[in-house]
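Read off the chains here:
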Amino acid sequence: MRVLGIETSCDETAVAIVETTEPAPQPVGRILANVVYSQLTEHRRFGGVVPEIAARAHLERIDGLVEEALRTAGLDLADLDGVAATGGPGLIGGVMVGVMTAKALAFAHQKPFIAVNHLEGHALSARLTEEVAFPYLLLLVSGGHCQLLTVRGPGDFTRLGTTIDDAVGECFDKTAKLLGLGFPGGPAVERAAAGGDPARFSLPRPMWRKPGCDFSFSGLKTAVRQTVEKIAAGDSAAIADLCASFQRTVGDVLADRCANAFAMSSSPILVVAGGVAANLYLRQRLEEVAGRHGARLVAPPVKLCTDNGAMIAWAGIERLRLGMVDALDFKPRPRWPLTRESMS
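Residues numbered from 1 in each chain as written. Predicted model: local features only at pLDDT ≥ 70, side-chain atom pairs only at ≥ 80, totals over all residues. Heavy atoms only, no water.

J.: What exactly am I supposed to notice about the nonpolar core here?
T.: Considering soluble globular proteins, one finds that nonpolar side chains tend to be buried as a cluster. In this structure, Leu139, Phe217, Phe246 and Leu254 are the most contacted members of the largest nonpolar core, which totals 50 residues. Among the secondary structure elements, those contributing two or more residues to this core are strand 6 (136-141), strand 7 (146-153), helix 6 (168-178), helix 7 (185-193), helix 8 (218-228), helix 9 (236-264), strand 9 (269-273) and helix 10 (280-292). For Phe217, the contacting residues outside a window of four places in its chain are Cys146, Thr163, Asp165, Asp166, Ala167, Val168, Cys171, Val253 and Leu254. Ranked by size, the runner-up nonpolar core spans 32 residues in total, among them Leu119, Leu128, Leu304 and Ala315. (Core = buried A, V, L, I, M, F, W, Y, C linked by side-chain atoms within 4.5 Å. Buried < 20%, exposed > 50% of the residue type's maximum accessible area, 1.4 Å probe, protein only. Helix = DSSP H or I, 4+ residues; strand = E, 2+ residues; numbered from the N terminus. Contact = heavy atoms within 4.5 Å.)

Below, the structure written as structure tokens:
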């Protein structure tokens, strides 16, 4: 089974082709092509993603990337079993570009069309490269989302907790911006933290040691801003120490919330996915908490943590195997919660 996946929900235009061998009770995938055009150059001078610029860049690049993916895989469109695209959530202009392109390809070549929830793409991405059986715990952490869920299968999710204000990835980006480290913020903060003292600054740990699995990061973001105002301009040591302190604080909160999730579940697997999952320090902290609960941590390869077409193609395969295809009148969704009710 081969599926082409298109991802255009934010600032990466991505197309991939993934295949799996049938039948298999728990197949993993093989990436035949995975091409990405990053729009960092277009957005960096604005310090963040500009939706209108993102949509235009997707429109300009998408056809060429589809051709490149097919050429890399050595396939024609006739060789595909389906075409998948991110149907939401995301910046609606970009989502529309990807969905309309996928619909056109599916219609013209009489292939099934699969609309994939972007969050489900992240949620299932660990199964692309490793044997991960359902059900499992999922920590989904990215620039716009921070959730703990139980994953029982495609379209079958139970949310255990979510952020009541800001997402952890957004907090990384804000910290980097306050410190003048550039965009995107997550990798910049991680690089600076590598040479810092994580014990120098005491920062609040919102929701820490409280019942449940919800998150809150607005107070931490405010505390970072107040600390930055006290640091002398150009004090590189203080910047590194603040990044290390911030990163450790985030690690404390994520580990605490995951420990509560393990208390609510008997899952032997914790999957971490989303852009923030690329942070190696946070992976180490989560591996420690999983080990304390007799579980193993599974994370996608770093290149599959950020937005990519391979995860959309794989989610398309997971859905197509179960006959979960979509009509061509599917409407792109700027908001699309990852819950069992909204996915049905």
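J.: Even after reading the chapter, I still don't get the packing of helix 6 against helix 8, so can you show me in this structure?
T.: Angle between the axes and distance between the axes: these two values describe a pair of packed helices. The interhelical angle for the contact between helix 6 and helix 8, taken along N-to-C directions, is 10 degrees, at an axis separation of 10 Å. With respect to helix 8, the axis of helix 6 lies roughly parallel. Contacts from Glu170, Cys171, Lys174, Thr175 and Leu178 in helix 6 reach Leu220, Lys221, Val224, Arg225 and Val228 in helix 8. Residues belonging to the contact of helix 6 with helix 8 are distributed by class as follows: five nonpolar, one polar and four charged. (Axes fitted to C-alpha atoms, helices over the stretch in contact; angles between N-to-C directions. Parallel < 35°, antiparallel > 145°, perpendicular 65-115°, else oblique. Nonpolar A, V, L, I, M, F, W, Y, C, P; charged D, E, K, R; others polar.)

J.: When you look at the packing of aromatic side chains in this model, what are you seeing that I'm missing?
T.: What characterises a pair of aromatic rings is the spacing of the ring centres plus the angle enclosed by the ring planes. Tallied over the entire structure, the rule returns five aromatic pairs. When the ring of Phe134 is compared with that of Tyr136, the centres are 5.7 Å apart and the planes differ by 15 degrees; the resulting orientation is stacked. Arranged with centres 4.9 Å apart and planes meeting at 80 degrees, the rings of Phe172 and Phe246 form a pair that is edge-to-face. Separated by 74 residues along the polypeptide, Phe172 in helix 6 and Phe246 in helix 9 bring together distant segments of the chain. Neither residue differs from the other here; Phe172 and Phe246 are each classed as buried. Three or more aromatic residues joined by ring pairs form one cluster here, namely Phe113, Phe330 and Trp336. The residue whose ring lies beneath Arg333 is Trp336, and the NZ or CZ to ring-centre distance is 4.4 Å. (Phe/Tyr/Trp six-rings, centres within 6.5 Å; stacked < 30°, edge-to-face > 60°. Lys NZ or Arg CZ within 6 Å of the ring centre and 35° of its normal.)

J.: Sorry if this is basic, but what is going on with the sheet that holds strand 10 (residues 296-298) here?
T.: Ordered in space as 8-7-6-9-10, the five strands form an open sheet in which the pairing is mixed. Strands at the two margins of the open sheet, each flanked by one partner only, are strand 8 (156-162) and strand 10. Here the average twist between neighbouring strands, direction ignored, is 25 degrees. Bridge count between strand 6 and strand 7: six bridges; the pairing is antiparallel. Paired with Leu138 across the bridge in strand 7 is Leu149. Sheet strands in contact with helix 9 are strand 6, strand 7, strand 8 and strand 9, and its direction is about 155 degrees off that of strand 6. (Pairing = 2+ DSSP bridges.)

J.: Just checking my understanding: could you explain the side chain of Asp307 for this structure?
T.: Of note, Asp307 is situated in the loop between strand 10 and helix 11 (309-321). Of the side chains with opposite charge, Arg283 comes closest to the buried, unpaired Asp307, at an N-O distance of 13 Å. In this structure the side chain of Asp307 is engaged in a polar contact, spanning 3.2 Å, whose partner is the side chain of His118. A polar side-chain atom of Asp307 sits 3.3 Å from a polar atom in the side chain of His122. Filtering out sequence-adjacent residues up to four positions away, Asp307 remains in contact with Glu7, Ser9, Cys10, Glu12, His118 and His122. (Lys, Arg positive; Asp, Glu negative; His and termini not counted. Salt bridge = Lys/Arg side-chain N within 4 Å of Asp/Glu carboxyl O. Polar contact = N/O pair within 3.5 Å; in protein donor to acceptor, adjacent residues only side chain to side chain.)

J.: Explanation requested: the pattern of salt bridges in the structure shown.
T.: Proximity of charged atoms lets side chains of opposite charge pair with each other. Scanning all chains against the criterion turns up 13 salt bridges. With a shortest N-O distance of 3.5 Å, Glu130 and Arg296 are connected by a salt bridge. One end of the pair, Glu130, is in the loop between helix 5 (126-129) and strand 6; the other, Arg296, is in strand 10, with 166 residues separating them in the sequence. For Glu130, a relative accessible area of 31% translates into the label partly exposed. One connected set of salt bridges, linked through shared partners, spans Arg205, Asp252, Arg285 and Glu288.

J.: Would you take a moment to explain the sheet that holds strand 4 (residues 82-88) for this structure?
T.: Hydrogen bonds between backbone groups are what pair the strands of a sheet, and the pairing can be parallel or antiparallel. Here we have five strands laid out as an open sheet, ordered 3-2-1-4-5, and mixed in their pairing. In the strand order of this sheet, the two ends are held by strand 3 (30-38) and strand 5 (113-117), each with one partner. With direction set aside, neighbouring strand axes in the sheet form an average angle of 20 degrees. As paired elements, strand 2 (residues 12-19) and strand 3 share eight bridges and run antiparallel to each other. What sits directly across from Ala14, in strand 3, is Val36. Helix 2 (residues 51-73) rests against strand 1 (2-7), strand 2 and strand 3 of the sheet, and its axis sits at about 25 degrees to strand 2. Along the sheet, helix 11 contacts strand 1, strand 2, strand 3, strand 4 and strand 5; its crossing angle with strand 1, the most-contacted strand, is approximately 130 degrees.

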